[in-house]
Amino acid sequence: MRTTVGIIGAGPAGLLLARLLHNAGIDCVVLENRTRAYVEQRQRAGILEQGTVDALRACGAGGRMDAEGLVHHGIELRFDRRSHRIGFPELADGRSVTVYAQTEVVKDLVALQLAEGPPLLFEARALAVEKPESDHPVVRFTHEGREQILDCDYVVGCDGFHGIARAAVPDDVRRTYERTYPYSWLGILADVPPSCDELIYARGEDGFALHSMRSPTVSRLYLQVPNGTDPADWSDDRIWDELDRRFAVDGDWSLARGPVTSKSVTPMRSYVTEPMRYGRVFLAGDAAHIVPPTGAKGLNLAVSDVRILARAFEHHHRTGSDELLDSYSDLCLRRVWQATRFSYDMTTMLHSQPSESAFDSRVHLARLHRLAASRPAAAELAANYTGLPL
């Protein structure tokens, strides 16, 4: 099999890149290890930056998002039993965010790919990327019971942290930076209308809590818990009681309860690998970087990676110039590190550290008070949350 761009992974990054390349007249093939059903059911992020929304609309994948997504013009911070709203449009040049689950983004892009786009092979397990420095790297993969070769001009690894594409970058070239946080998130989906119009980020004495949503009838909520927590140890009543405590404010607000349909525990980590290109192999999304979900950056960073890369491929296709391809890694990493810094700041400010001193706790509260009282501080948060310019 022969193609210009071989894409490993059919998550949002790989699928969006394929769509952008198709629209630019550049042929590609997408290899996905999992089944279509699995890919379309993975529960992941649900907050889309303004730039992600714009990109999905521009490539023809925004119809259902515009019909069903929930546009949010701010977030709520809760601490010291008080509530403070950060409004986005007035602080971030009119930008907002949209609540639309990653599962739905993937469904929309898969449908487009299968109807109009280049080949998308499910249950195609990539085994290795070979000859990354040559003019024609290859991907060895298995599909329908036999090993095959995908000959490419370029390979893009959108196959996540546990994928094989990153291994194409030699150990003596690859640099990694990471931080593991001493807590996790216990997340639930519940069949109950959200108790808020916008996301609530709460810091309390017992730890962090987040109130989000998937739709007008489904709520998504999270609790900070110790690493190694087994969700089976948390009964539904225990979860709701703890959420009640952490969201508590002076006033008449109350948390609506409903049937819990799923529980999971998500470890928190920051990870960046450099460079994001080696020879003719490019890394995008979780294959190159992971951020804790506090800042809602993971999916959006992956989208910005492939938007930058698609622009570089299109420029090469039109002009023959490698200029933008050569600058891909440096350009992406500047944005990645800003998002990593923002996610780290949000995470450390809102979570209680297991060994946190009284001094540290007061400093984090001071940061929250600064956001509530200072327009420039709030504007910095709004600019990062809604997405820095590409």
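Residues numbered from 1 in each chain as written. Predicted model: local features only at pLDDT ≥ 70, side-chain atom pairs only at ≥ 80, totals over all residues. Heavy atoms only, no water.

Q: Please set out the nonpolar core residue by residue, giving values where relevant.
A: Ranked by internal contacts, the top residues of the largest apolar core, which has 70 residues, are Ile7, Val139, Val156 and Phe313. A total of 10 residues in this core trace back to one element, the largest contributor, which is helix H7 (residues 298-319). The contacts of Val156, once residues within four sequence positions are left out, are Val5, Gly6, Ile7, Ile8, Leu17, Phe282, Ala284, Leu309 and Phe313. Of all hydrophobic cores here, the second largest spans 51 residues; its members include Trp185, Val192, Ala209 and Met349. (Core = buried A, V, L, I, M, F, W, Y, C linked by side-chain atoms within 4.5 Å. Buried < 20%, exposed > 50% of the residue type's maximum accessible area, 1.4 Å probe, protein only. Helix = DSSP H or I, 4+ residues; strand = E, 2+ residues; numbered from the N terminus. Contact = heavy atoms within 4.5 Å.)

Q: Quick rundown of the pairing of strand E2 (residues 28-31)? Include the residues and the values.
A: Regular strands show a simple pattern: their side chains alternate between the two faces of the sheet. What you see with E2 is no split at all: Cys28 and Val30 on one side and Val29 and Leu31 on the other are buried throughout. Crossover handedness for the path strand E1 (residues 5-8) to helix H1 (residues 12-23) to E2: right-handed. The pairing of E2 with strand E8 (residues 120-121) spans 2 bridges and is classified as parallel. Considered in E8, the bridge of Leu31 is made with Leu121. (Right-handed = clockwise from strand over helix to strand, strands pointing away. Pairing = 2+ DSSP bridges.)

Q: Pulling in residues and values, what's your account of the domain arrangement of the protein?
A: Each domain of the protein was delimited in the assignment, giving domain 1 (5-71 + 99-178 + 269-347) and domain 2 (181-268 + 355-386). Using only C-alpha atoms to locate each centre, domain 1 and domain 2 end up separated by 29 Å. Taken together, the contact between domain 1 and domain 2 spans 25 residues of the former and 18 residues of the latter. Both sides of the domain 1 and domain 2 interface together cover about 1,800 Å² of buried area, and 62% of this is carbon and sulfur. Three residues, Pro293, Thr294 and Phe342, lead the burial of domain 1 against domain 2; their summed loss comes to 22% of the area buried on that side. Our count for the domain 1 to domain 2 interface comes out at 2 salt bridges. The partner of Arg367 in a salt bridge is Asp345, and the shortest N-O contact between them spans 4.0 Å. Viewed at the interface, domain 2 and domain 1 are joined by 7 residue pairs in polar contact (both at pLDDT 80 or more). Elements with a minimum of two residues in the side of domain 1 that touches domain 2: strand E17 (260-274) and helix H8 (323-350). In terms of residues, the side of domain 1 that touches domain 2 owes the most to one element, H8, which gives 7 residues. (Domains from an automatic or database assignment. Buried area = accessible area lost by both parts, 1.4 Å probe. Salt bridge = Lys/Arg side-chain N within 4 Å of Asp/Glu carboxyl O. Polar contact = N/O pair within 3.5 Å; in protein donor to acceptor, adjacent residues only side chain to side chain.)

Q: Run through empty space enclosed by the protein, naming residues and quoting values.
A: Following the criterion strictly, the structure yields 2 cavities of 30 Å³ or more and no others. The space that makes up the largest cavity amounts to roughly 90 Å³. Glu49, Lys297, Asn300, Leu301, Ser304, Arg335, Gln338, Ala339, Phe342, Asn384, Gly387 and Leu388 together form the lining of the largest cavity. Counting residues per element, the ones that place at least two in the lining of the largest cavity are H7 and H8. Looking at the lining of the largest cavity, the element that brings in the most residues is H8, giving 4 residues. Of the residues that constitute the lining of the largest cavity, the class distribution is 4 nonpolar, 5 polar and 3 charged. Roughly 30 Å³ of volume is contained in the second largest cavity. Around the second largest cavity, the lining residues are Pro12, Leu16, Leu48, Thr52, Leu56, Val105, Leu109, Leu299 and Val303. Grouping the amino acids of the lining of the second largest cavity by side-chain chemistry returns 8 nonpolar, 1 polar and no charged. (1 Å grid on protein atoms, 1.4 Å probe; cavity = no way out; pocket = protein on both sides within 12 Å on 5 of 7 lines; lining within 4 Å. Points joined across faces, edges and corners; volume = space filled by probe spheres on them. Nonpolar A, V, L, I, M, F, W, Y, C, P; charged D, E, K, R; others polar.)

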